[in-house]
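Breakdown of the fold
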Amino acid sequence: MKMKKEIKREGKIFRYGLFIVFLFVGMFFLGRSIGYVVYQVKAASISEMQVENWGLGFGKEGEQPTGNTSAEELKKYNAYFLGNNSEKKIYLTFDCGYENGNTEAILDALKKHGVKATFFVVGHYLESAPDLIKRMISDGHTVGNHTYHHPDMSTISSMEKFKKEMDDVAILFEKITGQKISMYYRPPQGKYNIENLKMAKELGYHTFFWSLAYVDWNQDSQPSHEEAFNKLTKRIHSGAVVLLHNTSKTNGEILDELLTKWEGMGYTFGILSELVENIE
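Each chain has its residues counted from 1, following the order in which its sequence is written. Where totals are concerned, whole chains, interfaces and linings use all residues; where local detail is concerned, this predicted model gives features only for residues with pLDDT of at least 70, and gives and counts side-chain atom pairs only at 80 or more. The side-chain values count all of the structure's non-hydrogen atoms but skip hydrogen atoms and water molecules.

**Notes on the pairing of strand 5 (residues 89–96)**
Any residue under 20% of the maximum accessible area for its type is buried, any over 50% is exposed, and the rest in between are partly exposed; the area is computed with a 1.4 Å probe on protein chains only. The secondary structure listing takes helices from DSSP runs of H or I that are at least 4 residues long and strands from runs of E that are at least 2 residues long, numbered from the N terminus. Most of strand 5 is tucked away, with eight of its eight residues classed as buried. DSSP-based pairing: two strands are paired if at least 2 bridges between them are found. Of the pairings in the sheet, the one linking strand 5 to strand 12 (residues 268–270) comprises three bridges and is parallel in character. Bridging from a neighbouring strand, Ile 90 pairs with Phe 269 of strand 12. By the bridge criterion, four bridges tie strand 5 to strand 6 (residues 118–121) in an arrangement that is parallel. Residue Asp 95 lies in a different strand from strand 6, and its bridge partner there is Phe 120. For a crossover, the right-handed case is the one in which the path from the first strand over the helix to the second runs clockwise, viewed with the strands pointing away from the viewer. For the handedness criterion, the β-α-β arrangement of strand 5, helix 3 (residues 103–113) and strand 6 is classed as right-handed.

Listed below in structure tokens is the structure:
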């Protein structure tokens, strides 16, 4: 009888010990699973806030370049950098940080060729050159949002601050023109992160990078006409979103001839709304 009791007691101890082992093993794997989920969430958050500088990779002359983010990935956030490869069409855009006397020549060349462009403007440009803004609209061009203060937008993580940079431009533009600004956004300096693209989309904007640009912004070292033509004709491609700066003396001087050269190569010109419609 005593032996039976001992056996029962040992059996209970064994089962209890086994239960404790399974409990600890279960807690171990549960802890690992929770840790993995937390890690994945943190990793996703870090990835969304990771700063990107827009960049391009060029292949053969006349071929579309690749971006450091694919067109398919960008499209998720209503963001683009080039149009369809099936049409020899160019989408001409200008970034306007300030006025230094070259925009009139640019507008004259565009008007002569019947080309419509998009001008991405900052707050200072709106404040200092309202008459040129009015002429852009009168000539049938599109004006987009380049933020009010031209900051590194990838450092802005709150929607409130992001929205203010955009709204301040939109409000002043409407005050000058009596019209709503086109809902097109270009990140200053091409700096962005995925969270920025999400915020722009949430505000109703389409984000536009570019597929062709050259070093035209340095006032102390403007490219020669030959250098500009070399870059802008050899690297032009179907669906190109071309970024030029209105502050470039070279651009003001060569645009008429550049448009003639592109036309001679068989290219026509489109507007960004067409690019979006053709892709979507």
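Next comes the rest of the description.
**Description of the pattern of salt bridges**
Should their charged atoms come close, side chains of opposite charge can pair. Put simply, a salt bridge is a Lys or Arg side-chain nitrogen that is within 4 Å of an Asp or Glu carboxyl oxygen. With the rule as written, the count across this model stands at 13 salt bridges. Put simply, Lys 180 and Glu 174 hold a salt bridge, and the shortest N to O gap is 3.3 Å. In this structure, Glu 257 engages Lys 261 in a salt bridge whose closest nitrogen and oxygen atoms are separated by 3.9 Å. Separated by four residues within a single helix, Glu 257 and Lys 261 lie in helix 9 (residues 249–264), roughly one turn from each other. Relative accessible area serves as the criterion here: at 33%, Lys 261 is assigned to the partly exposed category. Beyond isolated ion pairs, a larger network of salt bridges with shared partners links Glu 104, Asp 108, Arg 135 and Asp 139.

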